[in-house]
Amino acid sequence: MRNLLFILVLGFPITLPFAAHVPNFMLALNVSYVVFYVFIFWEIMKFLIRPSYINVDVISASACGYFLLIEMSVFLLQIYVYANPNSFKGLNTTDPASIYMDLVYFCSIT
């Protein structure tokens, strides 16, 4: 499962210039990223639930979990934006990169 998700997450950005005009391509890309990040977040949570001590590994795993939550939120919001293009005011929808950057800012400060 991990290897299949990795191949999907690696392959989608490579095919972006060729398939960006396909109607459901961005939806599939965002769903694959959300599933991939949820898988990684689950592995981190399994590590964080059972420690009986606190050291650098636990603290860095907590920080990684926090950043993964931000990334999952970004890709979930991208799914929503592509389904409802006029849902956010002030969002630059000219290209996928600007949508991504605006949503990273929004999710980080929220």
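Heads up: the structure comes first, above all this text.
A quick note: this is a predicted structure, and the numbers were derived from the prediction, not measured. Here, residues in each chain are numbered from 1, in the same order as that chain's written sequence. Side-chain atom pairs in this predicted model are given and counted only at pLDDT of 80 or more, local residue features only at pLDDT of at least 70, and totals for whole chains, interfaces and linings cover all residues. As a rule here, side-chain values come from all non-hydrogen atoms in the structure, and water together with hydrogens is ignored.

(A) View of the environment of proline 13. Think of it this way: any DSSP run of H or I at least four residues long counts as a helix, any run of E at least two long counts as a strand, and we number them from the N terminus. Mapped onto the secondary structure, proline 13 falls in helix H1 (residues 2-19). Exposure classes here rest on a 1.4 Å probe applied to the protein chains alone. A residue is buried below 20% of its type maximum, exposed above 50%, and partly exposed in between. Given a relative accessible area of 37%, proline 13 falls into the partly exposed group. Expressed as a C-alpha distance, the spacing of proline 13 and alanine 63, which sit 50 residues apart in the sequence, is 26 Å. It only takes one pair of heavy atoms within 4.5 Å for two residues to be counted as in contact. Residues contacting proline 13, with those up to four places away along its chain left out, are Leu29 and Tyr33.

(B) Focus on the layout of surface pockets. Of the volumes computed, that of the largest pocket is approximately 180 Å³. Only protein atoms enter the 1 Å grid used here. Points where a 1.4 Å probe fits but cannot escape make up a cavity, open sets with protein on both sides within 12 Å along at least five of seven lines make up a pocket, and a residue lines them when an atom lies within 4 Å of a point. What lines the largest pocket is a set of 13 residues, and nearest its centre among them are Leu16, Leu29, Phe75, Gln78 and Tyr100. Taken together, the elements giving at least two residues each to the lining of the largest pocket come down to H1, helix H2 (25-49), helix H3 (56-83) and helix H4 (96-109). Of the residues assigned to the lining of the largest pocket, the class counts are 10 nonpolar, 2 polar and 1 charged. Grid points are joined across faces, edges and corners, and a volume is the space filled by probe spheres set on the points. Under the scheme applied here, ten amino acids are nonpolar (Ala, Val, Leu, Ile, Met, Phe, Trp, Tyr, Cys and Pro), four are charged (Asp, Glu, Lys and Arg), and all others, including Gly, are polar.

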